[in-house]
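# Notes for the structure review
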Amino acid sequence: ASYRKSGWLIKRLLATLCVLLLLAASGCASDDAKEKIVSHFDGAFRIDAQTAELDFEICLTDGACLYTFQSPDALKGLSLEKRDGEAATAVYGGIQTEVAEIALRVPEGLYEALELIRGRFIADAVRTESADGVSVYSLAIDGCVVMLYYNESADRIENITYMKDARKTEYLITEIKDVVT
């Protein structure tokens, strides 16, 4: 009887171990898949993005980030530039002025998410789900959470969600292009 109990226990432990391994494997993406995603953000690039409030373009080059707004109409044509270590400047209708950091809160969230993706995605992102050809990758670093929605068949990043300080912003990514500098 003791032999039957130990055999049953071993089978149950092996079954549990197999289930845990399958669950772990389904949540882990290969480094190749993650490298392919991060490659969209190599060098200088431009992203067209939309939130519930804004439609804007973000252009990242060495040491500089330029935001150009398409909507709402009150912001159409406004450009905000932020260079490493400098105050942000706004340009609208030929007038240039410094702006407070709070003016960048919504578009800056996408910049912060991109910096986390560029720096930590391959090592720390986990594929949390996949449905209809879209994989969701999660990255949680220092109180910030990034969720990236990647359409594998189209090799397209569809959405980036960024959460920080109890604020959540979803960015619909309409286009990513390389920029020649």
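Further up the page is the structure itself.
This text gives an overview of the structure that appears in the document. (Residues numbered from 1 in each chain as written. Predicted model: local features only at pLDDT ≥ 70, side-chain atom pairs only at ≥ 80, totals over all residues. Heavy atoms only, no water.)

### As for the layout of surface pockets
To be explicit about the condition: Grid spacing is 1 Å over the protein atoms alone, the probe is 1.4 Å, and a cavity is where that probe fits but cannot get out, while a pocket is an open set with protein on both sides within 12 Å along at least five of seven lines and lining residues have an atom within 4 Å of a point. Grid points are joined across faces, edges and corners, and a volume is the space filled by probe spheres set on the points. Helical segments are the DSSP runs of H or I of at least four residues, strand segments are the runs of E of at least two, and each set is numbered from the N terminus. Each residue gets one label: Ala, Val, Leu, Ile, Met, Phe, Trp, Tyr, Cys and Pro are nonpolar, Asp, Glu, Lys and Arg are charged, and the others, such as Gly, are polar.
Reported here for the largest pocket is a volume of approximately 240 Å³. The wall of the largest pocket is formed by 16 residues, among which Thr61, Asp62, Gly63, Ala64 and Tyr111 lie closest to the centre. The set of elements that each furnish at least two residues to the lining of the largest pocket consists of strand S2 (55–61), strand S3 (64–71), strand S4 (79–83) and helix H3 (105–124). Looking at which element gives the most residues to the lining of the largest pocket, the answer is H3, with 4 residues. By residue class, the composition of the lining of the largest pocket is 5 nonpolar, 4 polar and 7 charged. Considered as a void within the structure, the second largest pocket measures approximately 180 Å³ in volume. Every residue along the wall of the second largest pocket is listed here: Leu104, Arg105, Glu108, Gly109, Glu112, Tyr162, Met163, Lys164, Asp165, Arg167, Thr169 and Tyr171. Only H3, strand S10 (156–164) and strand S11 (167–178) provide two or more residues apiece to the lining of the second largest pocket. For the lining of the second largest pocket, the element with the most residues is H3, which contributes 4 residues. Here the lining of the second largest pocket is composed, by residue class, of 4 nonpolar, 2 polar and 6 charged.

### A word on the pairing of strand S8 (residues 134–141)
The line we're drawing: Buried residues are those whose accessible area, probed at 1.4 Å on protein chains only, stays under 20% of the maximum for their type, while exposed residues exceed 50% and partly exposed ones sit between those limits. Two strands qualify as a pair provided that DSSP identifies no fewer than 2 bridges between them.
In terms of burial, S8 is a largely internal element, 7 of the 8 residues being buried. Judged from the 5 bridges that link them, strand S7 (residues 126–131) and S8 form a sheet pairing that is antiparallel. The partner of alanine 131 across the bridge, within S8, is valine 134. Bridge analysis of S8 against strand S9 (residues 144–151) gives 8 bridges, and the strand direction is antiparallel. Residue pairing across strands places valine 134 opposite asparagine 151, the latter belonging to S9.

### Some details on the state of the cysteines
Formally: The definition used for a disulfide is geometric: two cysteine sulfur atoms within 2.5 Å.
A complete count under the given rule lists 0 disulfides for this structure. Of all cysteine sulfurs in the structure, the one in cysteine 65 sits closest to cysteine 59, which takes part in no disulfide; the separation is 8.0 Å.

### Quick word on the side chain of glutamate 57
Under the convention used in this document: The term polar contact refers here to a pair of N or O atoms within 3.5 Å; inside protein, the definition further demands a hydrogen-donor-capable atom paired with an acceptor-capable atom, and it admits residues adjacent in sequence only when both atoms are side-chain atoms. We call two residues contacting when some pair of their heavy atoms lies within 4.5 Å.
On the secondary structure map, glutamate 57 appears in strand S2. A polar side-chain atom of glutamate 57 sits 3.4 Å from a polar atom in the side chain of arginine 46. Residue contacts for glutamate 57: discarding those within four places in its chain leaves Arg46, Ile47, Asp48, Leu66, Tyr67, Thr68 and Gln70.

### Quick word on helix H2 (residues 31–38)
Every α-helix carries 3.6 residues per turn, so stepping three or four residues along brings you back to the same face. As a reminder, the rule being used: What the arc describes is the spread of directions from the helix axis to the C-beta atoms.
Inspection of H2 places Lys34, Ile37 and Val38 among the buried residues, and these make up the whole buried set. In an axial view of H2, the angular spread of the buried residues amounts to 95°, which keeps them on one side of the axis. Buried residues belonging to H2 abut H3, S8, S9 and S10.

### Section: the nonpolar core
So the rule is basically this: Here, nonpolar core refers to any group of buried Ala, Val, Leu, Ile, Met, Phe, Trp, Tyr and Cys residues whose side-chain atoms link them within 4.5 Å.
Grouped together as the largest cluster of nonpolar side chains are 39 residues, with contacts concentrated most on Ile58 and Ile160. With 8 residues, H3 is the largest single contributor of residues to this core. Dropping the residues within four chain positions of it, isoleucine 160 is found in contact with Phe41, Leu110, Ala113, Leu114, Ile117, Val146, Met147, Leu148, Thr169, Glu170, Tyr171 and Ile173.

### A short note on unusual backbone geometry
The linkage connecting serine 71 with the following residue, proline 72, adopts the cis geometry, with an omega of 10°. Among the structural elements, proline 72 can be located in the loop between S3 and S4. The backbone of aspartate 132 shows a phi angle near 55°, a positive value even though the residue is not glycine. Checked against the element boundaries, aspartate 132 lands in the loop between S7 and S8. The phi dihedral of aspartate 155 is positive, around 50°, even though this residue is not glycine. Structurally, aspartate 155 can be placed in the loop between S9 and S10.

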